[in-house]
Amino acid sequence: MKDLFKGCWTIPNLLSVIRILLIPVFAYLFYNDEKIMAVVVLAISGLTDTMDGQIARKFNQISELGKILDPVADKLTQITIAAMLLIDFLGADNKVINACGWVFVVFLVKEAVMIIGGLVMLLMNIRPGAAEIWGKLATFVFYAVMVVIIGFGPEVGAVTEIDSLSDYTIPEPIMFVLVIIAVIMTFVAFFSYLPSAVKQIIDNSQ
């Protein structure tokens, strides 16, 4: 535990904590149909995610706690976004939007598997490594797609609240493709972590 909190007082870790604290704020705004503010909060969250990694590498502020906080913040944020959109999408009459909801179901199942796997690794005293390029890229794509959907998506987008901007709503097929791309990227990141995780588990069990 001492090693975990050694050198933990860093700007990247503070940004990760801020990202975690923004999760209930986003959920509250989205649930209460304050979509514009929800997009703003989500954009800020994505910005902190981009900044923490860059600051950690540039100023050598990589810490053991940061290696846990960063992915935890990412996972909690992504799960919350997916869950909120899932509630809206599965209840929609539109078949395309409803299909997007089922894509999020697949995403949430994958996230549950990753969380369980991460807990197993921690119980085996195996600490997760820092996020690799595929993980960071997948997170960036997920944030970007979710900002677009919550900002400009049909029925759920913030622009639907503003009559003068309603023409900027993205077509349903494009939204479906964007959701598929975001989910595929998270699976690519998931499989990129598997070899290292399996190797650590095998080495630890010997």
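Residues numbered from 1 in each chain as written. Predicted model: local features only at pLDDT ≥ 70, side-chain atom pairs only at ≥ 80, totals over all residues. Heavy atoms only, no water.

Attention now goes to the packing of aromatic side chains. Taken as a whole and judged by the stated rule, the model has 4 aromatic pairs. With centroids separated by 6.0 Å and ring planes inclined at 40°, the aromatic side chains of Phe-89 and Phe-104 adopt a geometry described as tilted. One end of the pair, Phe-89, is in helix H3 (residues 64–90); the other, Phe-104, is in helix H4 (residues 95–123), and 15 residues separate them in sequence. Residues Phe-89 and Phe-104 agree in their burial class; the two are buried. Geometry around Phe-30 places Lys-35 over its ring, the cationic atom sitting 4.8 Å from the centre. The ring of Phe-187 carries the charged tip of Lys-110 above its face, separated from the ring centre by 5.8 Å. (Phe/Tyr/Trp six-rings, centres within 6.5 Å; stacked < 30°, edge-to-face > 60°. Helix = DSSP H or I, 4+ residues; strand = E, 2+ residues; numbered from the N terminus. Buried < 20%, exposed > 50% of the residue type's maximum accessible area, 1.4 Å probe, protein only. Lys NZ or Arg CZ within 6 Å of the ring centre and 35° of its normal.)

Counting residues in each nonpolar core, the largest one holds 38 residues, and the members touching the most others are Phe-26, Leu-85, Phe-89 and Met-146. Of the residues forming this core, the biggest block, 8 residues, is contributed by helix H5 (residues 133–152). Every residue in contact with Leu-85, bar those within four places of it in the chain, is listed here: Phe-30, Phe-104, Met-146, Ile-150 and Val-156. (Core = buried A, V, L, I, M, F, W, Y, C linked by side-chain atoms within 4.5 Å. Contact = heavy atoms within 4.5 Å.)

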